[in-house]
Amino acid sequence: MAGEPQADCLFCKIVSGEVPATVVRETDTTVAFRDINPQAPTHVLVIPKAHYPDAASLAAAEPQITADVLCEAGAVAADEKLDETGYRVVFNTGSGAGQTVFHAHAHVLGGRGLNWPPG
């Protein structure tokens, strides 16, 4: 069921504490942790604690939690001093866009030049 933890979801296991992560921020509705395969000097993932497979389904079902994820992305950027130099927030939705963990999440990237268009 949407919003409920999924036994086979890596990010749900991080939320529950079953899988360790380097957590940098946590709220009632979100967890932010360092990516294990960083693509920039700062690469933090911000996830909702509730399970939704992608950003679109999260936004449709839980607009407030979607806003919480974005607010936490900004807070991570401020904590990491990226707000002074610039940063990128990315939601990959679907395997064709590079999504590999099907639990909605935002990538906060910074600390180097980020070219446009990406990838």
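Here, the structure is the one placed above.
All of these numbers come straight from a predicted model, not from anything done at the bench.

How each quantity is defined
Residues numbered from 1 in each chain as written. Predicted model: local features only at pLDDT ≥ 70, side-chain atom pairs only at ≥ 80, totals over all residues. Heavy atoms only, no water. Pairing = 2+ DSSP bridges. Helix = DSSP H or I, 4+ residues; strand = E, 2+ residues; numbered from the N terminus. Axes fitted to C-alpha atoms, helices over the stretch in contact; angles between N-to-C directions. Buried < 20%, exposed > 50% of the residue type's maximum accessible area, 1.4 Å probe, protein only. Contact = heavy atoms within 4.5 Å. Expected span 1.5 Å × (residues − 1). Phe/Tyr/Trp six-rings, centres within 6.5 Å; stacked < 30°, edge-to-face > 60°.

Novice: In this structure, what is going on with the sheet that holds strand S2 (residues 30–34)? I would like to understand it.
Specialist: Two modes of strand pairing occur in sheets, parallel and antiparallel, and in both the strands are linked by backbone hydrogen bonds. Taking strand neighbours across the sheet as the criterion, the five strands line up as S1-S2-S3-S5-S4 in an open arrangement whose pairing is antiparallel. For this open sheet the edge positions go to strand S1 (23–26) and strand S4 (87–90), each flanked by a neighbour on one side alone. Neighbour to neighbour, the strand axes of the sheet diverge by 20° on average, direction disregarded. Of the pairings in the sheet, the one linking S2 to strand S3 (residues 42–48) comprises five bridges and is antiparallel in character. In the sheet register, Ala32 faces S3, and the bridge partner there is Val46.

Novice: How should I be thinking about the side chain of Thr42 in this particular structure?
Specialist: Residue position: Thr42 is located in strand S3. On the accessibility criterion, Thr42 (8% relative accessible area) is buried. Residue contacts for Thr42: discarding those within four places in its chain leaves Glu80, Leu82, Val108, Leu109 and Gly110.

Novice: Can you help me understand helix H3 (residues 63–79) in this one?
Specialist: Think of an α-helix as 3.6 residues a turn; residues three or four steps apart then line up on the same face. Taking 1.5 Å per residue as the helical rise, H3 with its 17 residues ought to reach 24 Å, and the 24 Å between its terminal C-alpha atoms agrees with that figure. Residues Ile65, Thr66, Asp68, Val69, Glu72, Ala73, Ala75, Val76 and Ala77 constitute the buried set of H3. Close packing links the buried residues of H3 with S1, S2, S3, helix H2 (55–61), S4 and strand S5 (106–110). Lys81 sits one or two positions beyond H3 and adopts a positive phi of about 65°.

Novice: I would appreciate a short explanation of the packing of aromatic side chains in the present structure.
Specialist: The description of an aromatic ring pair rests on the distance of the ring centres and on the angle between the ring planes. This structure, assessed with the given rule, holds one aromatic pair. On the numbers, 5.5 Å between centres and 75° between planes, the contact of Phe11 with Phe33 is edge-to-face. Placement of the pair is Phe11 in helix H1 (residues 10–16) and Phe33 in strand S2, with a sequence separation of 22 residues. The residues Phe11 and Phe33 share a single accessibility class, namely buried.

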